[in-house]
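# Fold and geometry: a report
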4 protein chains.
Amino acid sequence: MQCRTSAPRTGRPRSAAADAAILAATREALVELGWSKLTLGDVATRAGVAKTTLYRRWAGKNELVVDAVAELFDELELPDLGSLAADIEGVVLQFAAILARPEARSGLMAAVAESTRDDALRERIRASIVDRQKRLVLAGRSRAQARGELPPEEDAQEAARTVDLIFDMVAGAVVHRTLVSAEPVDAAWAQSFTRILLLGLAGASAGPHGA
Amino acid sequence: MQCRTSAPRTGRPRSAAADAAILAATREALVELGWSKLTLGDVATRAGVAKTTLYRRWAGKNELVVDAVAELFDELELPDLGSLAADIEGVVLQFAAILARPEARSGLMAAVAESTRDDALRERIRASIVDRQKRLVLAGRSRAQARGELPPEEDAQEAARTVDLIFDMVAGAVVHRTLVSAEPVDAAWAQSFTRILLLGLAGASAGPHGA
Amino acid sequence: MQCRTSAPRTGRPRSAAADAAILAATREALVELGWSKLTLGDVATRAGVAKTTLYRRWAGKNELVVDAVAELFDELELPDLGSLAADIEGVVLQFAAILARPEARSGLMAAVAESTRDDALRERIRASIVDRQKRLVLAGRSRAQARGELPPEEDAQEAARTVDLIFDMVAGAVVHRTLVSAEPVDAAWAQSFTRILLLGLAGASAGPHGA
Amino acid sequence: MQCRTSAPRTGRPRSAAADAAILAATREALVELGWSKLTLGDVATRAGVAKTTLYRRWAGKNELVVDAVAELFDELELPDLGSLAADIEGVVLQFAAILARPEARSGLMAAVAESTRDDALRERIRASIVDRQKRLVLAGRSRAQARGELPPEEDAQEAARTVDLIFDMVAGAVVHRTLVSAEPVDAAWAQSFTRILLLGLAGASAGPHGA
DNA sequence: CTATAATCGAGACGGTACGTCTTGTCTTAGG
DNA sequence: CCTAAGACAAGACGTACCGTCTCGATTATAG
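Throughout, residues of each chain are indexed from 1 in the direction in which the sequence is written. Each chain takes a letter, starting from A, and each ligand takes a number, starting from 1, following the order in which they are written. Owing to the predicted nature of the model, reporting of local features is limited to residues with pLDDT of at least 70; listing and counting of side-chain atom pairs is limited to 80 or more, with chain, interface and lining totals taken over all residues. Think of the side-chain values as coming from all heavy atoms in the structure, minus any hydrogens and water.

Along chain A, the regular secondary structure elements total nine helices and zero strands. Under the DSSP-based scheme used, a helix requires at least four consecutive residues in state H or I and a strand at least two consecutive residues in state E, with every element numbered from the N terminus. When the helices and strands of chain A are placed in sequence order, the string is α-α-α-α-α-α-α-α-α. Structurally, chain A occupies a C-alpha span of about 65 × 40 × 35 Å along its principal axes. Here the term buried applies to any residue with accessible area under 20% of the maximum for its type, exposed to any over 50%, and partly exposed to those in between, with areas from a 1.4 Å probe on protein chains only. Of all 211 residues assigned to chain A, the portion counted as buried reaches 48%.

This is the structure in structure tokens:
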């Protein structure tokens, strides 16, 4: 998770248990206090660890929170629900379920806010959170192509652009619904959203530019 | 903007100039420092105002930043571009233009993050930022209905749900594209996005639930 | 009490009641809070007066407190107790009784402390507090001379020096006993002290410089 | 000086140099600003120390100033000047010399004023300043008894009362002369004062109660 | 009988200091 | 070399007072 580029062979090795304890304590603190009131000293205390230990492994609050939240996304999967529409609804609901957890709500948006001024942080978010989700979109497309629901892409660059667009639409809508509108993402919403998205994609690929 | 519910008739009246100076200084500090490094003491100094004056008018950093950012949305308009698609593209580009400004990027997302733990703050954001945008969506629909591009709504409740859904899709996609994917929202992207959205909406209203 | 050098003949005259209310409120605050926690805003509130009214009449906390405490010394008298010793014991006990009051204990010493850096303040203390006491010493001496207990002074300058010395001894001992040693000045202590003082003075005047 | 009751064996030990720097800075600030304008933040800056370091060791301004002033009394000694009178004059002049220093003038009286509302502070003053002086009085008496100038005490309780009385008279007179009357304690004054005191004591012990 | 002028209350103003909290580093002793 | 503990310099926090100011409303004398 954190940078561990070089392997120091001598001296006392770092405690592996400390990592897990710190990340768990971070999530606990996020739930209780939210991002802005979370302090590294408090996290260290909760984890039963010295502040030094924490700072030796993470550069600061942002990096720590991103790693702590990223672990929540480990559980994301793409179960085969039989159709493209069902697959997408499933992903939407899974993503919404994660965003419904307070440790993600508070931490994730704050990290994104911070990343507007910190490219390394944005890269860390992309690597440990965004790309993990985007892989699901790619897997869903492959599966739909295998089912014959989608044609194989012809122009790779155009296909990549489309994936990015879809991803921004899916993730953006779920995040906005959850955090800004503060309304729940339930099955009905997921169905409505997916219907519009798929119909729009189908129409767009049918009559590409002249409609 | 800030609470000015009761009118104390006695005593020295509050300086109107101070309000403007403080909000301008807040935006300046957001550009230079970003949300997390912005301090109220610094804002007060920049505004040539005492800290007490600032605290007398705003409860804290979050409220202040929301008000400072909200003023950026005063410029939002819905110029009549001749078609529903062009109108939507116009709104998307206007919204993206605001989000491209550093004082909005940093401040807005941080405020949303904080609002996950503060209902009053979320309400403030909704009142001074979200609703202002949502009015554009409503105006766009009325105009499209006047043009004959959209049928008049039959079920008011269903129509409200659809407006909310569209709004989450538009705003969410633009925000995600801008802040998370960190890619520019240009005319091409706005056109692609709008195409998918309108085709999806058209298809969904054509064959409502049986398709 | 406070400076009222020039008499502006026109305009609304200053409220006489305000002066008394402010001084009484000051003493009340001294009792409750002590000098260091007394604030002029609080005094104004207690007195039912605006801060402006207070600042128009006194330059600051020190001047106000001195005036408020000085009023306590208005009650000092020199009843004729029949002998020099009894007169001195009476003054000692009267002075100790004033110092036993909390508004005097806290305010007086603080004012003296401040006066080490403020000559105007020291002069104010001398004029409104110290001289009022010193007059008692002078009156006591006159009365003792009338009784024949003391010879009439021959060298006026020497006599003035002696009065100053006696005054420092009397006032100093009472203050030190009360505030530093924190022991009560009761009749027994007053008697012991007076005995030593008078015997010392008698011996000193008997064999002035050659003993 | 400050509380160092429990000994935390772990962690970084407190810097011994900081203590000395803080106390020296406090005295410097007392000289320049006086008690009421002395701020702990300024003292910390002068000492090259963080405010937290200061607050970790002292509870507040009063305690700090008492400790800073107390160090001035370390230099008090009782040189053997050959006679009781000379010894007392020496002590009086030494005490007056300390009180003539601006850091003592302002700080000491203010601390006494504050101690009227704070028993712990009075105890601190007694322990670190008053008792140190009182020991000189006791030493002076022992020496005078060894010389045969004073008889050995018979009633221990009575002797203690007398020491307290003498102490209040000596210290009180010097303080009053210095701070209230604002006149210098020079050799002539010390001699006059000592003469009266010793003659009074001699007379009082000669004819104890019947005079 | 109206000016004129200084007062009054209230409370906002620019400042300064408070005492606490957090940050990220450093210094111990111990594994 | 890592660890827990905790002191350290730095600096922001939000509050409290300071002494000044700006109000509208009184309350006097002077014309």
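Contacts are residue-level and defined by heavy atoms, with any inter-residue pair within 4.5 Å sufficient. Across the boundary between the two partners, chain D contributes 48 residues, which contact 48 residues of chain C. We define a salt bridge as a side-chain nitrogen of Lys or Arg found within 4 Å of a carboxyl oxygen belonging to Asp or Glu. Put simply, chain D and chain C have zero salt bridges between them. For this analysis, a polar contact is any N or O atom pair within 3.5 Å, provided that within protein one partner can donate a hydrogen and the other can accept it, and provided that sequence-adjacent residues contribute only side-chain to side-chain pairs. Where chain D meets chain C, there are 14 residue pairs in polar contact (both at pLDDT 80 or more). Contributing elements (two or more residues each) for the side of chain D that touches chain C: helix H1 (16-33), helix H6 (102-115), helix H7 (119-147), helix H8 (156-180) and helix H9 (187-206) of chain D. Under the grouping applied here, Gly and all other residues not named as nonpolar or charged are polar, the nonpolar ones being Ala, Val, Leu, Ile, Met, Phe, Trp, Tyr, Cys and Pro and the charged ones Asp, Glu, Lys and Arg. Looking at the side of chain D that touches chain C residue by residue, the class counts come to 26 nonpolar, 13 polar and nine charged.

Evaluation of the coordinates by the stated rule reveals 76 salt bridges over all chains. Put simply, aspartate 74 of chain B and arginine 132 of chain B hold a salt bridge, and the shortest N to O gap is 2.0 Å. Here aspartate 74 of chain B is found in the loop between helix H4 (61-70) and helix H5 (84-100), whereas its partner arginine 132 of chain B is found in helix H7 (residues 119-147), with 58 residues between them in sequence. By relative accessible area, aspartate 74 of chain B is classed as partly exposed at 46%. With a shortest N-O distance of 2.9 Å, glutamate 149 of chain D and arginine 147 of chain D are connected by a salt bridge. For arginine 147 of chain D, a relative accessible area of 27% translates into the label partly exposed. When salt bridges that share partners are traced, they join Asp80, Asp87, Arg143, Arg147 and Glu149 of chain A into one network.

This next bit is on the protein's contact with DNA strand E. Any residue with a heavy atom lying within 4 Å of a molecule or strand is counted as near it. What surrounds DNA strand E is a group of 42 residues, the closest being Arg56 and Arg57 of chain B, Arg56 and Arg57 of chain C together with Tyr55 of chain D. Among the atoms of DNA strand E close to the protein, meaning within 4 Å, 62% are from sugar or phosphate groups. In the environment of DNA strand E, a phosphate oxygen lies 3.1 Å from a nitrogen or oxygen atom belonging to the backbone of leucine 40 of chain A. Note that a phosphate oxygen of DNA strand E is positioned 3.1 Å from one of the backbone N or O atoms of alanine 50 of chain B.

What follows concerns the domain arrangement of chain A. All names here are of chain A. Where each domain starts and ends comes from a domain assignment, either automatic or drawn from a database. One can read the domain layout of chain A as domain 1 (16-57) and domain 2 (70-206). Using C-alpha coordinates to define each centre, domain 1 is positioned 29 Å away from domain 2. Contacts between the two partners involve six residues from domain 1 and, on the opposite side, eight residues from domain 2. Buried area is calculated as the accessible area (1.4 Å probe) missing from two parts once they are joined, with the contributions of both summed. Here domain 1 meets domain 2 over a buried area of about 630 Å², counting both sides, of which 70% is carbon and sulfur. For the interface between domain 1 and domain 2, the tally reads one salt bridge.

Let's shift gears to the relation of the copies chain D and chain C. Copies are brought into register by a least-squares superposition over C-alpha atoms of residues with pLDDT of at least 70 in both. Structural alignment of chain D on chain C gives an RMSD of 0.1 Å, achieved by rotating through 180° and translating 0.1 Å along the axis. The superposition operator between the copies reduces to a two-fold rotation axis. Same-surface contact between copies: 100% of interface residues of chain D are shared with the interface of chain C.

Before going further, it helps to spend a moment on the protein's contact with DNA strand F. The full set close to DNA strand F counts 43 residues, and Thr53 and Arg57 of chain A, Tyr55 of chain B, Tyr55 of chain C together with Arg57 of chain D are the nearest of them. Counting only atoms of DNA strand F within 4 Å of the protein, the fraction found in sugar and phosphate groups is 65%. Contacts to DNA strand F include threonine 53 of chain A, whose side-chain N or O atom sits 2.6 Å from a phosphate oxygen. Here a phosphate oxygen of DNA strand F sits 2.9 Å away from a polar atom, N or O, in the side chain of arginine 56 of chain A. Sorting the residues of the surface near DNA strand F by element identifies helix H3 (51-57) of chain A, helix H2 (40-47) and helix H3 (51-57) of chain B, helix H2 (40-47) and helix H3 (51-57) of chain C together with helix H3 (51-57) of chain D as the ones contributing at least two each.

A separate point is the packing of aromatic side chains. Residues and elements named next belong to chain A. Between rings of Phe, Tyr and Trp, where Trp is taken as its six-membered ring, a pair exists when centres lie within 6.5 Å; planes separated by under 30 degrees are stacked, by over 60 edge-to-face, and by other angles tilted. The final tally for this structure, using the stated rule, is 10 aromatic pairs over all chains. Their ring planes at 50° and their centres at 6.2 Å tell us that phenylalanine 73 and phenylalanine 95 sit as a pair that is tilted. Placement of phenylalanine 73 in the loop between helix H4 (61-70) and helix H5 (84-100) and of phenylalanine 95 in helix H5 is noted, with a sequence separation of 22 residues between them. Side by side, phenylalanine 73 and phenylalanine 95 carry an identical accessibility label, which is buried. Here, over-ring charges are defined by two tests on the NZ atom of lysine or the CZ atom of arginine: distance to the ring centre within 6 Å, and angle to the ring normal within 35 degrees. Positioned above the aromatic ring of tryptophan 35 is the side chain of lysine 61, whose terminal nitrogen or guanidinium carbon lies 4.3 Å from the ring centre.

We now examine the interface of chain B and chain A. Contact with chain B, which involves 48 residues of that partner, is made by 48 residues of chain A. Carbon and sulfur atoms supply 63% of the area buried between chain B and chain A, which totals about 3,900 Å² over both sides. Inspection of the region where chain B meets chain A yields zero salt bridges. Linking chain B with chain A are 14 residue pairs in polar contact (both at pLDDT 80 or more), by the criterion used here.

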